[in-house]
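Take a look at the letters that make up each chain.
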Amino acid sequence: MFFWRNLKIENTVAKERLGVQSQQYLESNSCPQQYGEQTYAHPELCDQFVLCVNGTSSIEQCENGLLYDGKGNVHNHCNYYWDVDCGHRKADIVAVNSPGCEFKYGIYAEHQGCSTNYVKCADGYPNIQQCEPGLAYDDRIKKCNWPDELLDICNPEEVVGFKCPEKVDPHSAAAKFWPYPRFAVPNDCERLITCVNGYPRLNTCGEGKVFDDETLTCAEPEEVPKWPETRF
């Protein structure tokens, strides 16, 4: 408990110090580093930040739907507002409600039902994005997710295109991985299906590896005797 109390105090002091530093940069129009580009939190506002370029400071405004946290990678050093902890800084979040976009920058469900697509808004323009094969969009986390994590709106069998058997041959290769049996994907040498709690999940071998139908494992292409003749 003592450690966490001290850590909390140290974090608070650090934030206060950062606010004081930011205020100093604003007042002096100078920065601690004279070369390169650095950013610092605005002492009071979460949708603004201090930008230092080659020793000169300026106030920058995050775009609508974005806030500053020092880890920004969405647009101009800012992040989506739901991913930012503003602490004591004030956040002014006002929806613009342009066609297809609640905010100029944001991620939204394509519709209320199960979908393997989602809408990504940039500068007020909606763009349809596709989830990786086998995944569906989860608006709770603003990312694509396993469809069996979305059973209230998704049917994993329809999304993956596979129905997990209730039981497998105890002498089969799939049985070796029970209770998460594996299966090959027809005409696909890079993916496999893993059944989790009776629902299918589509996985990718990755790293240049291919799926071995016999061992039901991912391996280097030269280690799979039947590859690639029988997989295409």
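Residues numbered from 1 in each chain as written. Predicted model: local features only at pLDDT ≥ 70, side-chain atom pairs only at ≥ 80, totals over all residues. Heavy atoms only, no water.

**Q** Looking at this model, I keep getting lost on the overall build of the protein. Mind explaining?
**A** Helices and strands together make up the secondary structure of the protein, namely 2 helices and 15 strands. Within the protein, buried positions represent 34% of all 232 residues. For the protein, the computed accessible surface area is about 14400 Å², with 49% contributed by carbon and sulfur atoms. (Helix = DSSP H or I, 4+ residues; strand = E, 2+ residues; numbered from the N terminus. Buried < 20%, exposed > 50% of the residue type's maximum accessible area, 1.4 Å probe, protein only. Areas by Shrake-Rupley, 256 points an atom, 1.4 Å probe, with all protein chains shown as cover.)

**Q** Hey, could you run me through the state of the cysteines in this one?
**A** Where two cysteines share a covalent bond between their sulfur atoms, that bond is called a disulfide. Using the criterion set out here, one finds 8 disulfides in the structure. There is a disulfide in this structure between C46 and C86, and the S-S distance comes to 2.0 Å. Between C46 and C86 the sulfur-sulfur dihedral comes to about -80°; the bridge is accordingly left-handed. Of this pair, C46 sits in the loop between β1 (37-41) and β2 (48-53) while C86 is found in the loop between β5 (79-80) and β6 (106-109), placing the two residues 40 residues apart along the sequence. C189 forms no disulfide, and the closest cysteine sulfur to it belongs to C205, at a distance of 8.4 Å. (Disulfide = S-S within 2.5 Å.)

**Q** So what exactly am I meant to see when it comes to the packing of aromatic side chains here?
**A** Aromatic ring pairs are defined here through the distance separating the ring centres and the angle between the ring planes. Applying the stated criterion across every chain, the model contains 6 aromatic pairs. For the ring pair F49 and Y68, a centre distance of 5.0 Å and an interplane angle of 15° mean the geometry is stacked. Here F49 is found in strand β2, whereas its partner Y68 is found in the loop between β4 (66-67) and β5, with 19 residues between them in sequence. Given a relative accessible area of 0%, F49 falls into the buried group. Ring pairing ties together the aromatic residues Y80, Y81, W82 and F103, which thus form one cluster. Just above the ring of W82 sits the side chain of K142; from NZ or CZ to the centre is 5.0 Å. (Phe/Tyr/Trp six-rings, centres within 6.5 Å; stacked < 30°, edge-to-face > 60°. Lys NZ or Arg CZ within 6 Å of the ring centre and 35° of its normal.)

**Q** Can you walk me through the sheet that holds strand β3 (residues 56-61) in this structure?
**A** Sheet strands pair by backbone hydrogen bonding; their relative direction is either parallel or antiparallel. If you walk across this open sheet you meet the 3 strands as β1-β2-β3, and the pairing is antiparallel. Taken across any chain shown, the strands that pair with only one partner, and hence form the sheet edges, are β1 and β3. This sheet shows a mean twist of 30° between the axes of neighbouring strands, independent of strand direction. (Pairing = 2+ DSSP bridges. Axes fitted to C-alpha atoms, helices over the stretch in contact; angles between N-to-C directions.)

**Q** Before we go on, may I ask you to explain the pattern of salt bridges in this structure?
**A** Pairs can form between side chains of opposite charge whenever their charged atoms are close. Tallied over the entire structure, the rule returns 8 salt bridges. Where D123 meets K104, a salt bridge forms, and the shortest distance between an N and an O atom there is 3.3 Å. Taken together, the residues span a long stretch of sequence, with D123 in the loop between β7 (117-122) and β8 (125-130) and K104 in the loop between β5 and β6 at a distance of 19 residues. Its relative accessible area of 39% is what places D123 among the partly exposed residues. Classification of K104 as partly exposed rests on a relative accessible area of 24%. Taking the shortest distance from any N to any O, the salt bridge between R140 and D138 comes out at 2.8 Å. With a relative accessible area of 2%, D138 lands in the buried category. Here the salt bridges do not stand alone but share partners, grouping E63, K104 and D123 into one network. (Salt bridge = Lys/Arg side-chain N within 4 Å of Asp/Glu carboxyl O.)

**Q** Which parts of the structure should I look at to understand unusual backbone geometry?
**A** What is expected of a backbone is that most residues other than glycine have negative phi and most peptide bonds are trans. A cis amide bond, omega 15°, links W178 with the succeeding residue P179. Locating P179 in the fold gives a position in the loop between α2 (156-160) and β11 (182-185). Of note, the phi angle at H77 is positive, near 70°, even though the residue is not glycine. If you trace the backbone, H77 turns up in the loop between β4 and β5. Residue H77 is classed as partly exposed on the basis of its relative accessible area of 27%. The residue D123 is not glycine, and still its phi comes out positive at about 60°.

Function-wise, these values are silent; they only describe arrangement.
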